[in-house]
Amino acid sequence: MSALLKQIPANIPQDIRKIRIENSHLTELPRGSFENVSALEYLWLNFNNITVMHIKSLEYLPALKELRLQGNKLSSVPWTAFQDTPTLKILDLKHNRLDVLPEHALRYLPNLTYLDLSSNQLTIISRDVFYNWPVYQRSQRTEGPLEAISNAVLALHDNPWICDCRLRGFVQFIKSVGPPIILMNSYLTCSGPKFRTGKFFHEVELNSCTKPLTSALDTNLTVPAGLNITLTCFVQASPSPTVWWTYALKLLRAFNVSTEPISEDTVRSELLIPAARPADAGNYTCTAANFLGNTSAAISLRVVAPWASTTPRGWAAAAPAEPGAHVEVRIAKQTVYGITLEWFAAAAAAAEPGETWYTLLVGRYDAAQKDTIYIGPGVNTYSVTDLLPATKYEVCVAVRNQAPRKGQCVVFVTGSDVSQMEQREKLIHIVVIVCAMVLAVPAGMYACTAEALPGCLARCPSACPRRRRGGPAQAAGSKESTLDSLPAGSEDGLCRPDGGRGARDRPEPGKARQPHRNSADLY
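Just so we're clear, the structure is a prediction, and the values are computed from it rather than from any experiment.

A. Summary view of helix H3 (residues 168–176). Among the residues making up H3, those that are buried are Gly169, Phe170, Val171, Phe173 and Ile174. Residues of H3 that are buried make contact with helix H1 (128–131), helix H2 (134–139), strand E9 (161–162) and strand E10 (181–183).

Quick look at the structure:
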């Protein structure tokens, strides 16, 4: 007792009939553990740390009558090992971790009078385990001479039984069992499913197992972009099936899927698609499976933009705009490859900034349909890159489910000499004054707000100073400077009081005009 033994001692006398090693450090029963003590009748190895039992660990023990392995860590037992112990009468395996009891488990225990499997992890077992037990088979004989049959005590309580269709046969066996088999505790209780937790076996009626039948109320859905969408399917099956969703042959993330039972043999599975985008459109498949097979149901989802571009200069709203839901847009950064937009929502639109989504519409200025990009809460910048040279673009920002208003769009034109800019890796200053707003953009790129376009050229001369602030030397020097060194109020060569062009815009004498088209002509 409480010895620091890590293995069965090898010097046990051959005539020993009883061995008791408890509260020690035994972790396994290897092959031939007791080959030198063939007279052994009682073996107690309770409360050790035994996790492995070799299939030949009981070899050379033909006289063994009692084996107690209570309080160990066995998750399985090699039941065929009991072929070497034909006279075994008592087998105590309680307080282990057994979770499986195969159909042949009791076949090699013909003389057993006490079997304790209580307080393990058994959830589902077949009644055939006991139908194959020689003790039970002898009790069911109706022909031939009657023989005296000893009672057999069976302990199965305190296991987490799952009372679904797979346990139906075992429950029927427990309800009908009688002498010579005696249950130590006949009040076995269910641990699952939830709606049967705590019920006794004699209180439940279990149905036969069925293959899953999957269905959906609506298999074709059309929804506006930006809304949270929930796809739902229903599954009838017994036992309760495993349900998963796939899209384009890819398994969808489990934290977007919720599955719960709504009746004894029906479950409901829901897939959440937050802020649906046109890219989310397609076929979603709900698949359910149990040990009898699997079935699936497909749901076709179509996502339409909440508004569409109806004219080259405006946007049509799909829903009425809410008062005060205004977004201020500005160009925060420029590179030779594109621009970075930054926006700030007005107080009414940003009452809950942690939940406010934004919609960006990006595309060529004259395109009938713009690309739609949905920006999640907490993000207020976006970079527009991979632009074509000498092309006019429009980018609009709006609160989700609203059409962009005036002042929420930026129109810009890319330069025509992109390769030269990439080689120099510098920005050449071109500053466009749009009424009272000054927007600094890359070389060859012009920008203004959508609301300022009408009449902008008419009002522009009045917003420019009557005189240029610097001389020719200053203008020449600024031509090679970078964007960071550009004075915010620089307007050289852009506006003239008389509507004429600046000195930089005049061709030099004797020099032919460049054949390519100036980007500003696109206005």
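After presenting the structure, the write-up continues.
B. Spotlight on the sheet that holds strand E24 (residues 339–345). Sheet architecture is open: three strands sit in the order E23-E24-E27, paired in antiparallel fashion. With one partner strand each, in any of the chains shown, strand E23 (327–334) and strand E27 (381–384) form the two edges of the open sheet. Across the sheet, the mean angle separating the axes of adjacent strands is 25° when strand polarity is ignored. One ladder, built from seven bridges, connects E23 with E24; its direction is antiparallel. Looking at E24, one finds that Arg330 is bridged to Glu342.

C. Expanded view of the packing of aromatic side chains. Scanning all chains against the criterion turns up 13 aromatic pairs. With a centroid separation of 6.3 Å and an interplanar angle of 65°, the aromatic rings of Trp161 and Phe201 are classed as edge-to-face. In this pair, Trp161 is assigned in strand E9 and Phe201 in the loop between strand E11 (190–192) and strand E12 (210–215), connecting sequence segments 40 residues apart. Each of the two residues, Trp161 as well as Phe201, counts as buried. Here the aromatic rings of Tyr187 and Phe200 are separated by 5.4 Å at their centres, their planes lie at 70°, and the arrangement is edge-to-face. Pair noted here: Tyr187 is in the loop between E10 and E11 and Phe200 is in the loop between E11 and E12, with a separation of 13 residues, a long-range link. Joined through ring pairs, the aromatic side chains of Phe130, Tyr131, Tyr136, Trp161, Phe170, Phe173 and Phe201 make up one cluster. Above the plane of the ring of Tyr42 lies Lys18, whose end atom (NZ or CZ) is 6.0 Å from the centre.

Cut-offs applied
- Residues numbered from 1 in each chain as written.
- Predicted model: local features only at pLDDT ≥ 70, side-chain atom pairs only at ≥ 80, totals over all residues.
- Heavy atoms only, no water.
- Buried < 20%, exposed > 50% of the residue type's maximum accessible area, 1.4 Å probe, protein only.
- Helix = DSSP H or I, 4+ residues; strand = E, 2+ residues; numbered from the N terminus.
- Contact = heavy atoms within 4.5 Å.
- Pairing = 2+ DSSP bridges.
- Axes fitted to C-alpha atoms, helices over the stretch in contact; angles between N-to-C directions.
- Phe/Tyr/Trp six-rings, centres within 6.5 Å; stacked < 30°, edge-to-face > 60°.
- Lys NZ or Arg CZ within 6 Å of the ring centre and 35° of its normal.

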